[in-house]
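# Notes for the structure review
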Amino acid sequence: MNTIVCIKRVPDTETRIRIGGDGTSIDSNGVKFVLSPYDEIAVEAALRLKESTGSGEVKVVTLGDDSSQETLRTALAMGADSAVLLQGVVTQDGLATAKALAAELGEAEAPLILLGVKAADDDQQQVGPMLATLLGRPCATGVSRFNVEGDRVRCFREVEGGTEEVELPLPAVLTITKGEYEPRYASLKGIMAAKRKPLEARPAAEIESRLSIETLELPPERAGGRIVGEGPDAVPELVRILREEANVL
Amino acid sequence: MSRILAVVEQKDGVLRGTGREVMSAAAALAGETGGRADALVLGGPGVESTASELGTHGAASVKVASDDALAIYNPDGYAGVVASAVRSGEYEVVILSATGQGKDLAPRVAALLDVPLAQDVTSLSAGADGQVEIVRPVYSGKAFARIRINASPILATIRPNVFQPTERAGTGEVETVEVAADSGTWPTKVLGFTAAGGDIPDVAEASVVVSGGRGMRDPENWGLLEDLRSALGDSAGLGASRAVVDAGWRPHGEQVGQTGKTVAPKLYFAIGISGAIQHLAGMRTAGTIVAVNKDPDAPIFKVADYGIVGDLFEVLPRLTEEIRSLRSGE
Ligand SMILES: Cc1cc2nc3c(=O)[nH]c(=O)nc-3n(C[C@H](O)[C@H](O)[C@H](O)COP(=O)(O)OP(=O)(O)OC[C@H]3O[C@@H](n4cnc5c(N)ncnc54)[C@H](O)[C@@H]3O)c2cc1C
Ligand SMILES: Nc1ncnc2c1ncn2[C@@H]1O[C@H](COP(=O)(O)O)[C@@H](O)[C@H]1O
């Protein structure tokens, strides 16, 4: 079964964020970029599906600039078969991203499209269900495990207070969260093989962003650092402060 | 801008805490702009029972979409109802909760209405030029973006516990929304639900969170955290660091941080958690942070408002006891 995984290049989660000179974006000098953590999990899920059924191809797609080729190669090194770079501008307007992806994927004959539940930069948590709605396909979000059963897919979703089980007809779109699919490390062989796998680059459909960033700011530093005391003897004072000064008890 | 719709969540006919917050945020924005705020509530028969409470939080009118098929959340069904209510009411701003359900529903509504969406918003206000100013965290809370949406309606989900519920005198007038709840045509079939943590609030919604890390040493010791949690009352929830989730001690649903949930309770306890950057990402917008750690140099103390340096196995029982006696004295 063919699967498409939409992936995104994002700053490493260890990165200290600095605001760029324009005041609306980050200073990417010295920032290491990685495959977004949940997208890595989605790639893993697609690879396991392919391995368990013994057939089909995994294709990874990203909207981004040429530097995203590196991210695609990371997924190819994990085991994806082919990659597409849609060259275009990425913004916080998830609907614009979803439209650019939908223009590419509308015709694709893949019964499953997987995405991460959220991208580690914008945290918009929206591209998956938007893409599904644009394509007229059903979508389950926050899926920690799924099984394809004939022409349907059964999904286990992480929801508030527990796990929900839903069933969707294929073709479908799933957004993947942590759970069953601990991502593998690319082997040296995988990294070598990735260099020869097909990677197509072409301009993305041009879609205007209708969400503009006016300013980007660091959060106010938390004052922090007040040690009330040591050991259990400090507890009464802590409780007093929480009640009388912080007003939270 | 004058017509604002709050899409509120209920459970078994009772308005959820986040529903009060969404309604109050909508009413506040309506107050700033001289407009009106309505509520939309979806659910099984009987959900109109939420109307009077919605009225006290500022709903001019409460649109009720009730049908057996809407008794549990179905994304296909709910998205259709919300989109058509927004269209027919000609709303200019639509606000939902950034709960699991809200964040699943809002993108679908956005795509149906062909407008952008701002998720997990922490501030929503009328700008000088009448535009809506939106602030939302990005890079898992390491930065905040002030954004504008250049489309109508403006669609946003708001982060739980950030917007304060407000009250006024008044009752919402009930308006029934006709729903074509033809559940047979909804592709998504909800098969079942398995509860994880009993009847305690989800970590993302709880107003007080008690989180444990590797310093807890063993999953058996979680009874100590649960004792503190229950001493803090019904609105307290349990959280965890990734280290303990990866070790299989706690379910992923409790994980706070970059690859877990982002929480903003009014009070957050970090017990035996070192304070790695990815953990901080998930809780740094909490109101008050308390840390208990035996290592005085643990990074968690740099963000904690109050800390106790010490062995958690000695500090926790004492803390539970003091809080219990404080609360029983009230
Ligand atoms: C891509 C990525 C994503 C990640 N996402 C997340 C995430 O979402 N959430 C998250 O939490 N982490 C995340 N992490 C992991 C993070 O980097 C840390 O490894 C993790 O948070 C550490 O968990 P911890 O604080 O419980 O454990 P540790 O770092 O081992 O800290 C344990 C603490 O307990 C203290 N302690 C030990 N014994 C006692 C005692 N008896 N009394 C008092 N204190 C004691 C120690 O002093 C120490 O500070 C992520 C990492 C990566 C690379
Ligand atoms: N520029 C992009 N190219 C490809 N996929 C993307 C892009 N942006 C987001 N996605 C996918 O959509 C998911 C959710 O992103 P977001 O809605 O921005 O949190 C990500 O985990 C990716 O799978």
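Refer to the structure presented above.
Everything in this summary refers to the structure shown in the same document. Here the structure is a predicted model, which is why all the values come from computation and not from measurement. (Residues numbered from 1 in each chain as written. Chains lettered and ligands numbered in written order. Predicted model: local features only at pLDDT ≥ 70, side-chain atom pairs only at ≥ 80, totals over all residues. Heavy atoms only, no water.)

Residue A:Pro171 is reached from A:Leu170 by a cis peptide bond, and omega for that bond is 0°. Position of A:Pro171 among the secondary structure elements: in the loop between strand E9 (162-169) and strand E10 (172-176). Here the amide bond leading from B:Ser152 into B:Pro153 is cis, since omega sits at 0°, within 30 degrees of zero. With respect to the helices, strands and loops of the structure, B:Pro153 is situated in the loop between strand E10 (143-149) and strand E11 (154-158). A positive phi angle is found at B:Tyr139, which is not glycine, with a value near 50°. Tracing the backbone through its elements, the reader meets B:Tyr139 in the loop between strand E9 (132-138) and E10. (Helix = DSSP H or I, 4+ residues; strand = E, 2+ residues; numbered from the N terminus.)

All names here are of chain A. Taken together, 19 residues form the shell around ligand 2, and within it Cys6, Asp39, Ala119, Gln125 and Gln126 come nearest. Backbone polar atom of Gly116 to an oxygen atom of ligand 2: 2.9 Å apart, as the coordinates give it. Ala119 has a polar backbone atom sitting 2.8 Å from an oxygen atom of ligand 2. Considering ligand 2 on its own, with 480 Å² of exposed area, one finds that the protein chains cover 98% of that surface. Among the elements of the structure, strand E4 (58-64), helix H3 (94-105) and strand E6 (112-116) are those that each provide at least two residues to the shell around ligand 2. It is E4 that provides the largest number of residues to the shell around ligand 2, a total of three residues. (Near = heavy atom within 4 Å. Polar contact = N/O pair within 3.5 Å; in protein donor to acceptor, adjacent residues only side chain to side chain. Areas by Shrake-Rupley, 256 points an atom, 1.4 Å probe, with all protein chains shown as cover.)

Each side of the interface is counted separately: chain B has 87 residues, and chain A has 78 residues. Regarding the contact of chain B and chain A, the summed buried area is about 6900 Å², with carbon and sulfur atoms giving 55% of it. The tally of links between chain B and chain A comes to six salt bridges. For B:Arg16, the salt bridge goes to A:Glu160, with nearest N and O atoms at 3.7 Å. Between chain B and chain A we count 37 residue pairs in polar contact (both at pLDDT 80 or more) in total. It is helix H4 (residues 100-113) of chain B that contributes the most residues to the side of chain B that touches chain A, nine residues altogether. (Contact = heavy atoms within 4.5 Å. Buried area = accessible area lost by both parts, 1.4 Å probe. Salt bridge = Lys/Arg side-chain N within 4 Å of Asp/Glu carboxyl O.)

So, on to the site of ligand 1. Residues in close proximity to ligand 1 total 27 residues, the closest being B:Ser241, B:Thr259, B:Ser274, B:Gln278 and B:Asn293. At the site occupied by ligand 1, nearby residues are drawn from chains A and B. One of the side-chain N or O atoms of B:Asn293 is found 2.7 Å from an oxygen atom in ligand 1. Here the shell around ligand 1 is composed, by residue class, of six nonpolar, 15 polar and six charged. (Nonpolar A, V, L, I, M, F, W, Y, C, P; charged D, E, K, R; others polar.)

Attention now moves to the sheet that holds E10(B). Across the sheet, which stays open at both edges, the four strands sit in the order E12(A)-E10(B)-E9(B)-E8(B) with antiparallel pairing between neighbours. The strands lining the two open edges of the sheet, one partner per strand, are strand E12 (211-217) of chain A together with strand E8 (123-126) of chain B. Averaged over all pairs of adjacent strands, the angle between their axes in this sheet comes to 25°, without regard to strand direction. (Pairing = 2+ DSSP bridges. Axes fitted to C-alpha atoms, helices over the stretch in contact; angles between N-to-C directions.)

Now for the sheet that holds strand E11 (residues 199-203) of chain A. What the 10 strands build is an open sheet, ordered E11(A)-E5(A)-E4(A)-E1(A)-E6(A)-E10(A)-E7(A)-E8(A)-E9(A)-E13(B); its pairing is mixed. At either margin of the open sheet sits one strand with a lone partner, and together these are E11 of chain A together with strand E13 (189-195) of chain B. With direction set aside, neighbouring strand axes in the sheet form an average angle of 30°. Sheet topology note: the E6(A)/E10(A) ladder contains five bridges and is parallel. Note on E10(A): the bridge partner recorded for A:Leu114 is A:Leu174. Most of the contacts of helix H4 (residues 127-135) of chain A go to E6(A), to which it runs at about 155°, and overall it touches strand E1 (3-6), E6, strand E7 (139-149) and E10 of chain A.

On to the pairing of E6(A), then. Residue and element names in this part refer to chain A. Most of E6 is tucked away, with five of its five residues classed as buried. Of the two faces of E6, the one holding Leu112, Leu114 and Gly116 and the one holding Ile113 and Leu115 are both buried throughout. Pairing of E1 with E6 involves three bridges; the strand directions are parallel. The partner of Ile4 across the bridge, within E6, is Ile113. (Buried < 20%, exposed > 50% of the residue type's maximum accessible area, 1.4 Å probe, protein only.)

Taken by themselves, the reported measurements are silent on function.
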